[in-house]
Amino acid sequence: LDIVEHLINLEDPPDPVIVDQTLEVLSGLFSMAARLCAERASDSQRAVIREVLAQAKKQVPNAERITLMHRLVDLFVEASGNMVLKLVRRGVKTDFIEQLEERHPHLMPPLRPNEAIYDRLGEAIDAKDGAAASDAVIELTRELRGHAVAAITNERERLSLQRMSS
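Residues numbered from 1 in each chain as written. Predicted model: local features only at pLDDT ≥ 70, side-chain atom pairs only at ≥ 80, totals over all residues. Heavy atoms only, no water.

Asker: How would you summarise the nonpolar core if you had to cite specific residues and measurements?
Answerer: In this structure, Ile-49, Leu-72, Phe-76, Leu-121 and Ile-125 are the most contacted members of the largest nonpolar core, which totals 37 residues. Secondary structure elements with two or more residues in this core: helix H2 (16-40), helix H3 (43-56), helix H4 (62-80), helix H5 (83-92), helix H7 (115-126) and helix H8 (130-165). With ten residues, H2 is the largest single contributor of residues to this core. Here Phe-76 is in contact with Phe-30, Ala-33, Ala-34, Cys-37, Ile-49, Leu-121, Ile-125 and Val-137, once residues within four sequence places are set aside. (Core = buried A, V, L, I, M, F, W, Y, C linked by side-chain atoms within 4.5 Å. Buried < 20%, exposed > 50% of the residue type's maximum accessible area, 1.4 Å probe, protein only. Helix = DSSP H or I, 4+ residues; strand = E, 2+ residues; numbered from the N terminus. Contact = heavy atoms within 4.5 Å.)

Written out as C-alpha cells, the structure is:
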C-alpha cells in the first residue's frame, strides 16, 4: 500500500487516473466503515459524528474539508469496532491531497458541498441504516473524486499548453 504515494508523486501534478483509482479505493473503505458504523456506533459516537457532519456541510476551505473528511473516516472506523478495518485505514491513510493543495493551492477550487448528501448520511447513521449510510458515502466520495480529478486534469492541461507556447 505504501507504493501508492510514490505513484502519485511520480508526476507533479499527479496522474489523474492514479488519483481517481486511489480515491476509488478509499471510497470503498469509507463506505464500508460508514455501514459498520451505522450498525454499531454508540449514542455518544453518533453525537460526535453529527457534529462533524454539520461542520462538513458548510462552505469551508479545502484544507478544512479534507481534515473533516479524515475525521469522519476515523470516527466511522472507530465506531465499526473492526480491528482489521482500523489496520487497513492506517495503511491507506495518505496525504497526497494535502500535498497537492500545498504545492498548488490554486489547483483545488473550493468544493460547494451538496448538503443533502451530508443530511442523508447523518439520518442513516442515526437510523442505524448501514446500507443507506454506505450509499450516501459513495455519493459523497463520487462528488469529491470528480472535483479532485477535474481540477488535476485542468491543471495538467494548463501546464501542457503553457509548455507548448514557450
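Now that the structure has been shown, the text picks up again.
Asker: Explain a nonpolar patch on the surface residue by residue, including any values.
Answerer: Judged by side-chain polarity, Ile-3, Leu-7 and Leu-10 come together as a nonpolar surface patch covering roughly 310 Å² of accessible area. Structurally, Leu-7 is set in helix H1 (residues 3-8). Using a relative accessible area of 38% as the deciding quantity, one classes Leu-7 as partly exposed. (Patch = residues over 30% accessible without salt bridge, like charges linked within 9 Å, V, L, I, M, F, W, Y side chains within 5 Å. Areas by Shrake-Rupley, 256 points an atom, 1.4 Å probe, with all protein chains shown as cover. Salt bridge = Lys/Arg side-chain N within 4 Å of Asp/Glu carboxyl O.)

Asker: Talk me through the environment of Ala-136; I want residue IDs and the actual numbers.
Answerer: Looking at the element boundaries, Ala-136 is found in helix H8. It is 10.0 Å that separates the C-alpha atoms of Ala-136 and Glu-123, two residues lying 13 residues apart in sequence. Among residues more than four places away in sequence, those in contact with Ala-136 are Ile-117, Arg-120 and Leu-121.

Distances and angles like these do not, on their own, reveal function.
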